[in-house]
Amino acid sequence: MRGFGFREHGGLDRLAYVEVPTPVPGPGEVRVRLQAAAFNRLDRFVLEGMPGVPIARPHILGSDGAGVVDALGEGVDDLRPGEAVLLNPGLWDGTCEACRAGREALCRHYQIIGEHTQGTVGEFVVVPRRNIHRRPERLSVSEAAAAPLVFQTVWRALRTIGALAAGERVAVIGAGGGTATAAVQVARYLGGRVAVVSRSPEKAERALALGAEAAFVPTDTRPLDRLLWEWSDRKGVDLIFDSAGTATLPLSVRSLARGGRVVVIGATSGPLVEIDLRTLFWRQASIRGSTMASPAEFDEVLAVLARGELRPVLDSEWTYARAVEAFERLGSPELFGKVVVTLHDLAGSGER
Ligand SMILES: [Zn+2]
């Protein structure tokens, strides 16, 4: 079968259309014929190569996907070929101590589709039955491909790890990425009062339409911490969603209220920071990490998406033939939302 990914790790010049054996579903597994896939920042890291994560090559990129059931492995009898589905990209073993306690996001063997396994920008993908969800009617194929990774990540980060309570002030650092556009909506849905901080006035403005009540563009004279301090009537912000790292995290910590939390899900500007610990203990504040989600959390946020109360923001949709351009779009300063690759020009075009 055909797919889009790479044969060797490296930069964008390594992106390639590749051929791999069509996967056969084993017991408890399902093969999905993909109709759309979405890229995440993770795909960049997978392309570049991650220490300690050996992967088979050629490799097909993509953690997010939606399509139709194609073939069922032994023991799967509650799905029919042709049913419209979407994928939960998280893979947990179900057997370790964390999994048995219902804390699958902390699974000691946690993996992600498209990172540790072949991904979704191709004709087929095989996943465990428990990773398959019927596609809600309100979600288009492209939306169903765009939602799973970012919405589960944001849901756990804000609700479970960040313990967001209604009425609290929430700041989302960054406005344009898939997680930021989801975070504004989820924070608002959970009853938070949301401010967005972005270097781009256009993106900050667009975040207002997603439910933010304030949008700030920091300057040299009015840096992030000062803007948030004033917005919060000098009480500080209760919860900050910061995936930028080096460039913003020290300022985010300085913007915290007493008992405030920063939740970190990434480090797009760099991983190393210098923090004044006195701020943390004096304000009894915390910095916590979060990644992906447990299946129960996935079910929760999917139910909200199915009701139309959250909506994935699509930056752009590209055909399979233009997958390289789609991937390049991920790095664009204008990016606002998710980059989707539709696979209609790939489907039904030959050998399995
Ligand atoms: Zn486990």
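Because the structure is predicted, anything quoted here is derived from the model rather than measured.

J.: Which residues make up the overall build of the protein chain, and what are the values?
T.: Scanning the protein chain from N- to C-terminus turns up 11 helices and 18 strands. Computed over the C-alpha atoms, the radius of gyration of the protein chain is 20 Å, within 12% of the 20 Å expected from 2.2 N^0.38 for a compact globule of 352 residues. In the protein chain, which comprises 352 residues, the share counted as buried stands at 49%. For the protein chain, contacts bridging at least 24 residues in sequence account for 69% of all contacts bridging at least 6.

J.: Can you lay out the pairing of strand 1 (residues 2-6) for me, pointing to particular residues and giving the numbers?
T.: Looking along a regular strand, one sees side chains alternate from face to face of the sheet. The buried fraction of strand 1 amounts to 4 of the 5 residues, a majority that puts the element mostly inside the structure. Bridge analysis of strand 1 against strand 2 (residues 15-19) gives 5 bridges, and the strand direction is antiparallel. The residue of strand 2 that forms the bridge with Phe4 is Tyr17. Relative to strand 4 (residues 59-60), strand 1 runs antiparallel, the two being bridged by 2 bridges. Opposite Gly5, over in strand 4, you have Ile60 as the bridge partner.

J.: Tell me about unusual backbone geometry, and name the residues and values.
T.: Following Arg57, the chain continues into Pro58 via a peptide bond in cis, with omega recorded as 5°. Secondary-structure assignment places Pro58 in the loop between helix 1 (41-48) and strand 4. A positive phi angle, near 65°, is found at Arg234, a position not held by glycine. Locating Arg234 in the fold gives a position in the loop between helix 7 (224-231) and strand 14 (237-242). Residues other than glycine seldom take positive phi values, yet Gln284 does so here, at roughly 50°. By secondary structure assignment, the location of Gln284 is in the loop between helix 9 (277-283) and strand 16 (286-289).

J.: How would you explain the nonpolar core if you had to name every residue and give the values?
T.: Counting 101 residues, the largest nonpolar core has Ala145, Leu158, Val172, Ala183, Val184, Ala195 and Val196 as the members making the most contacts within it. Per element, the largest residue contribution to this core is 8 residues, and it comes from helix 4 (residues 148-161). Residues lining this core come from more than one domain, with at least three contributed by each of domain 1 (2-147 + 312-342) and domain 2 (152-289). Setting aside chain neighbours within four positions, we find Ala145 in contact with Ala36, Ala37, Ala38, Asp64, Gly65, Ala66, Leu86 and Val340.

J.: Before we move on, could you go through the sheet that holds strand 11 (residues 169-173) and cite the residues and values that matter?
T.: The strand order across the open sheet built from 6 strands is 13-12-11-14-15-16, with neighbouring strands paired in parallel fashion. Each of the sheet's edge strands pairs with one partner strand only, and the pair in question is strand 13 (214-216) and strand 16. With direction set aside, neighbouring strand axes in the sheet form an average angle of 20°. Packed on one face of the sheet, helix 6 (residues 201-209) meets strand 12 (193-197) and strand 13 and runs near 170° to strand 13.

J.: Account for helix 5 (residues 178-189), naming residues and giving values.
T.: End to end, helix 5 covers 17 Å across 12 residues, agreeing with the expected 16 Å (1.5 Å per residue, within 8%). A large share of helix 5 lies buried, amounting to 10 of its 12 residues. Every buried residue of helix 5 is listed here: Gly178, Thr179, Ala180, Thr181, Ala182, Ala183, Val184, Gln185, Val186 and Ala187. Looking at the buried side of helix 5, the elements it contacts are helix 4, strand 11, strand 12, helix 6, strand 14 and strand 18 (338-342). Directly beyond the C-terminal end of helix 5, a positive phi value near 95° is found at Gly191.

J.: Tell me about the sheet that holds strand 2, and name the residues and values.
T.: One open sheet accounts for 3 strands, arranged 2-1-4; its pairing is antiparallel. Among the strands making up the open sheet, the edge pair consists of strand 2 and strand 4.

J.: Which residues make up the environment of Glu297, and what values do they have?
T.: On the secondary structure map, Glu297 appears in helix 10 (residues 295-306). Taking the C-beta count within 10 Å as the criterion, Glu297 has 20 such neighbours and is therefore assigned buried. Those residues in contact with Glu297 that sit more than four places away from it in its chain are Gln152, Trp155, Arg156 and Thr160.

Cut-offs applied
Residues numbered from 1 in each chain as written. Predicted model: local features only at pLDDT ≥ 70, side-chain atom pairs only at ≥ 80, totals over all residues. Helix = DSSP H or I, 4+ residues; strand = E, 2+ residues; numbered from the N terminus. Rg over C-alpha atoms; globule rule 2.2 N^0.38 Å. Buried ≥ 20, exposed ≤ 12 C-beta atoms within 10 Å, placed from the backbone. Contact = placed C-beta atoms within 7 Å. Pairing = 2+ DSSP bridges. Core = buried A, V, L, I, M, F, W, Y, C linked by C-beta atoms within 7 Å. Domains from an automatic or database assignment. Axes fitted to C-alpha atoms, helices over the stretch in contact; angles between N-to-C directions. Expected span 1.5 Å × (residues − 1).

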